[in-house]
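Structural overview for review
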Amino acid sequence: MDDKEKLILYQSVEAPGNANAKKVSRNAKLPWYFATGFLMFWGLLFFAVVLPYFYRLPTPLTLEDVGNNVFIAERAYNNLYTLSNIGIKLSGTDKNEVEAVNFLLGELDKIKENMNNNLFDLEIDLFQSSGLFVIKTFHRVYQGVQNIAVKISPKNSTSETYLLINSHFDSESGPGAGDAGFMIVTMMEVLRVIATSKQPIQHPIVFLFNGGEEGGLQATHGFITTHRWAPLCKAVINLDAAGSGGRDILFQSGPNHPWLVKYYKKYIKHPFATTMAEEIFQAGLIPSDTDFRQFKTYGQIPGLDMAQCINGFVYHTRYDTIDVIPRGSLQNTGNNILGLVRGLANATELNDTEAHKTGHAVFFDFLGIYFFHYSEATGEYLNFGVGGAALLLIILSMWRMAAVSNVSLYLVINWLILVTVIQIISFALGIVLPLVVAYTMDSYGLTLTYYSTPVLIIGLYVCPSLIGLSLPLTIYFSLQCRNKISAPYHLQLALHEQAIILAVLSIVVTYLGYRSAYIFVIPLIFYVVALALNLMTILHDLGYAWTGLLKVSQVVPFLYSSYLFYTFIVVMRPMAGRSGSGTNQDLYIAFLSGLGTVLSFGFLVPLINTFRRPSLVILFLVASTGLTVYLASSTQLGFPYRPKTNTQRISYLDVRNIYYDFDGTISKDESGYLMLFQDRRRETPLVGSNVNTTGMISLASACEKQMMCGMPLYDNRFVTQRLQSFWIPRSEPIVPPIPATLLLLSKTLVNGTTVRYEFSLTGPTIMRLFIKAEEDVTISNWSFLRTYLENPPPAPIPHQIYLKYFTDDTPFKFFFEFFKTNRDYDVPLFELGVSAHYTAYDIDAKSKEFADSFPSYAFLDHWPAFYQRYYF
């Protein structure tokens with residue numbers, strides 16, 4: 001008997017009338033009660049493997065381990081304690097410009113005193129810079145920003161290629177223990193270990209402790225454009241934070257320097273990285289920016305951008321303290337940065353980085369255990385190759401089905417086409433149903449229900465996704481007649497179609513230039529391996545016997561996909577509370593949950609049809625979703641906010657507005673509160689609270705009539721969310737803590753059609769200018785960057801000049817030149833708005849009373865502001 005006859009015999013066990021054969025049929029389904037257990041097994045695998053590895057941290061080393069040439073977490077922790085206890089280190093204040101600087105200089109002096117003078121030279125340079133640059137739609141001008149640059153060099157080194165390490169010590173809204181005091185003390189300890197060790201380095205290393213990141217990336221701009229060491233820096237490791245505690249993630253690399261990722265793999269002890277994070281960040285979906293931008297833009301320096309990302313709830317709040325940072329987190333990052341710095345400081349590629357500019361890299365870690373990386377070109381070959389292999393093996397599988405079932409290949413292809421429609425519907429529903437839940441909850445004002453209770457995400461989004469994946473196929477299998485080919489073959493066809501979908505997605509996404517296509521290839525490649533092994537044996541045709549290899553093959557893809565998307569949900573969940581009220585952030589969480597579920601369970605959920613009564617699984621999922629929706633909408637579990645840990649972020653300004661008309665008279669003088677609710681629920685949680693919102697109105701109509709709504713809009717958040725902002729008037733006038741004085745120094749006729757205005761401005765450390773010319777007038781020249789003049793923000797946003805004092809508070813002097821064809825200069829030519837922000841000053845008694853009325857779960861980020869509007 002040949003193999004083909006054997007296969008036909010195995011399939012014949014379903015033949016009518018063969019009762020004994022049916023008893024031993026490999027097509028027999030397992031009892032229904034195993035089906036739910038099957039899905040629960042994968043859930044337990046997530047909780048038993050993925051979560052422990054995600055939060056795993058090394059044992060922190062203590063001062064007893066000093067002398068072993070290793071990073072000492074205890075010493076770094078002690079430094080962080082002192083640095084964070086200075087308090088809020090707002091740039092331009094003594095806490096930042098004096099106390100923090102003195103502490104850092106003191107620690108650096110200790111390192112210099114105890115360094116290995118036989119191997120190294122150490123230079124410490126405290127310097128100030130002033131400059132101007134453009135980011136997006138904002139023009140920034142700064143004076144006297146401070147940096148501490150430290151260069152450690154091999155003894156008598158003549159190398160002219162340096163490695164740069166950067167982080168910032170200023171903070172916003174809180175002590176900044178995580179953002180980024182954590183990274184500052186990590187750098188300090190890494191410097192200490194290198195300087196006192198006997199291990200040589202080839203290239204000098206510059207440690208940049210910068211004092212002005214939060215206000216708009218000024219400090220790194222000052223270093224990269226003015227410091228004598230900057231031109232010699234050939235690669236950078238930038239360290240920042242969007243959270244506090246946990247592991248550090250690599251989320252940007254290069255660009256176009258894959259050798260940097262090679263060194264990351266070689267020297268990092270605890271890898272945590274993904275290309276997908278890089279592409280999401282660079283797409284602007286993360287409401288943050290880092291100094292890495294400045295190094296790329298103004299220094300053309302390639303590098304690695306790494307950050308703390310867990311517990312983003314305390315980011316930029318007063319709760320960003322040392323108490324929420326485990327020492328193991330410091331040890332984790334310290335081990336990584338020490339190894340990476342040593343590796344790159346001896347990299348031959350630093351001698352000529354341009355010669356190694358060979359394209360992007362694809363990179364990702366697996367549970368923090370192993371790090372994978374390869375070039376973008378290799379990724380393209382891999383993605384196309386796996387997709388092609390999947391299609392070939394599927395064709396071979398269908399040929400086997402036809403041969404064993406004694407039907408034509410044409411008939412099997414017809415079944416595949418039918419299954420294709422079903423499986424595409426399943427794939428789409430797996431992503432769409434979570435979005436439907438998110439949209440529906442939002443329409444009832446129930447967004448962010450998962451904000452404090454993340455387990456609700458399972459019922460709100462994961463279960464609907466599983467319903468979408470399973471329902472169409474289950475209906476199909478319950479209605480279908482299988483008189484031509486067996487049920488196991490039909491199930492294989494459904495899984496083949498899942499593979500085809502992933503193959504097409506990987507090929508299309510790769511063709512579009514996205515390196516994140518690898519997320520589709522990982523589950524596909526393991527399916528291809530399982531299919532190949534089944535085809536090489538008789539298992540392919542032994543009823544459901546082939547499912548054994550399939551289940552085993554999907555363990556690794558399940559672990560990786562669930563790990564990856566859990567990472568994004570951990571990062572994005574707190575960001576949903578500070579991304580503005582204009583968009584429904586639940587849709588992003590739902591999409592990530594749905595896509596993660598589809599990739600984790602895409603080859604597994606159809607297997608519920610190997611059990612009897614698979615509809616019970618769907619009913620269980622429906623019941624779970626219904627129960628979760630009830631808990632989220634009707635109980636305290638679904639209320640988003642908790643004091644200290646999961647706060648409602650509310651930014652507002654205690655505003656005094658004065659409008660001056662062209663003749664100098666005051667047309668409006670008002671005081672009130674400019675409210676910016678940073679999440680989708682806006683003012684809803686305040687209803688019924690003690691907060692007096694009498695007279696609160698939307699700013700939308702004012703924004704249509706007035707330049708920048710006639711308000712002192714502070715930053716990009718206030719500008720982009722101005723239409724969702726509110727105004728609460730108050731009767732008592734707000735008195736600015738110090739004056740903000742604009743002086744017109746001169747008005748000069750340059751020629752017959754051009755007039756020049758020169759101004760001087762004094763005030764607090766942060767001021768803003770909004771400039772808008774009248775319709776028949778053109779700004780022809782000014783004292784700021786001409787590129788910004790020639791490339792203005794999109795209407796109706798005017799030119800915005802952001803002025804910032806650090807250590808130099810000399811008056812800002814600037815000019816504008818205006819071109820007008822009719823030469824009539826006795827009418828208004830332009831509107832000028834001047835806003836002053838008193839971020840370091842106390843509020844008055846009335847404002848304090850207003851602030852104290854907010855619930856305990858609200859975190860208030862507020863300060864006095866003064867806006868003056870002029871016509872000239």
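Summarised in this report is the structure supplied together with it. Values in this document were obtained by computation on a predicted structure and should not be read as measured data. (Residues numbered from 1 in each chain as written. Predicted model: local features only at pLDDT ≥ 70, side-chain atom pairs only at ≥ 80, totals over all residues. Heavy atoms only, no water.)

The next subject is the overall build of the protein. A tally of regular secondary structure across the protein gives 24 helices and 21 strands. For the protein, buried positions account for 59% of its 872 residues. Total accessible area on the protein is roughly 33500 Å²; 59% of this is exposed by carbon and sulfur atoms. For the protein, the centre of its 64 positive side-chain charges and the centre of its 68 negative side-chain charges are spaced 9 Å apart. (Helix = DSSP H or I, 4+ residues; strand = E, 2+ residues; numbered from the N terminus. Buried < 20%, exposed > 50% of the residue type's maximum accessible area, 1.4 Å probe, protein only. Areas by Shrake-Rupley, 256 points an atom, 1.4 Å probe, with all protein chains shown as cover. Lys, Arg positive; Asp, Glu negative; His and termini not counted. Charge placed at Lys NZ, Arg CZ, Asp CG, Glu CD.)

This part is about the sheet that holds strand β15 (residues 754-762). Pairing in this open sheet of 4 strands is antiparallel, and the strands run β14-β15-β19-β17 from one edge to the other. Each of the sheet's edge strands pairs with one partner strand only, and the pair in question is β14 (741-751) and β17 (778-782). Adjacent strand axes in the sheet meet at a mean angle of 25°, parallel and antiparallel pairs treated alike. As judged from the 4 bridges shared by β17 and strand β19 (residues 812-819), these two strands associate in the antiparallel manner. Following the sheet pairing, Ile779 is matched in β19 by Phe818. (Pairing = 2+ DSSP bridges. Axes fitted to C-alpha atoms, helices over the stretch in contact; angles between N-to-C directions.)

In this section: helix α3 (residues 33-54). Residues lying three or four places apart along an α-helix face the same way, a consequence of the helix completing one turn every 3.6 residues. End to end, α3 covers 32 Å across 22 residues, agreeing with the expected 32 Å (1.5 Å per residue, within 8%). Phe46 marks where α3 bends most, by close to 25°. Residues of α3 that are buried include every one of Ala35, Phe38, Leu39, Trp42, Leu45, Phe46, Val50, Leu51 and Phe54, and no others. Looking at the buried residues of α3, the elements they touch are α17 (546-553), α18 (555-575), α19 (586-601) and α20 (615-634). (Expected span 1.5 Å × (residues − 1). Bend = angle between axes of the 7 residues up to and from the residue. Contact = heavy atoms within 4.5 Å.)

Before going further, it helps to spend a moment on the packing of aromatic side chains. A complete count under the given rule lists 71 aromatic pairs for this structure. Here the aromatic rings of Tyr451 and Tyr641 are separated by 6.1 Å at their centres, their planes lie at 75°, and the arrangement is edge-to-face. On the criterion of sequence distance, the pair formed by Tyr451 in the loop between α13 (409-443) and α14 (456-479) and Tyr641 in the loop between α20 and β10 (648-660) is long-range, its members being 190 residues apart. Relative to Phe850, the ring of Tyr652 has its centre 5.5 Å away and its plane inclined at 90°; by these criteria the two rings are edge-to-face. Of this pair, Tyr652 sits in strand β10 while Phe850 sits in helix α24 (residues 845-852); the two residues are 198 residues apart in sequence, bridging distant segments of the chain. No difference in accessibility class separates Tyr652 from Phe850, as the two residues are buried. (Phe/Tyr/Trp six-rings, centres within 6.5 Å; stacked < 30°, edge-to-face > 60°.)

One pass over the full model with this rule turns up 25 salt bridges. Note that Asp442 is salt-bridged to Arg680, the shortest N-O span being 2.9 Å. In this pair, Asp442 is assigned in helix α13 and Arg680 in the loop between β11 (666-677) and β12 (697-698), connecting sequence segments 238 residues apart. The network of salt bridges with common partners includes Arg75, Glu107, Lys110, Glu189 and Arg192. (Salt bridge = Lys/Arg side-chain N within 4 Å of Asp/Glu carboxyl O.)

Of note, Arg649 is situated in strand β10. Polar contacts involving the side chain of Arg649 include one to the main-chain carbonyl oxygen of Tyr315, which spans 2.6 Å. Leaving out residues up to four positions away in the same chain, Arg649 has contacts with Gly312, Phe313, Val314, Tyr315, His316, Thr317, Gly577, Arg578, Phe677, Gln678 and Phe859. (Polar contact = N/O pair within 3.5 Å; in protein donor to acceptor, adjacent residues only side chain to side chain.)

Turning our eyes to something else, we now look at the side chain of Asn584. Tracing the backbone through its elements, the reader meets Asn584 in the loop between α18 and α19. Engagement of the side chain of Asn584 in a polar contact is seen with the backbone nitrogen of Asp586, the distance being 3.1 Å. Aside from chain neighbours lying at most four places away, what touches Asn584 is Ala438, Tyr439, Asp442, Thr447 and Arg680.

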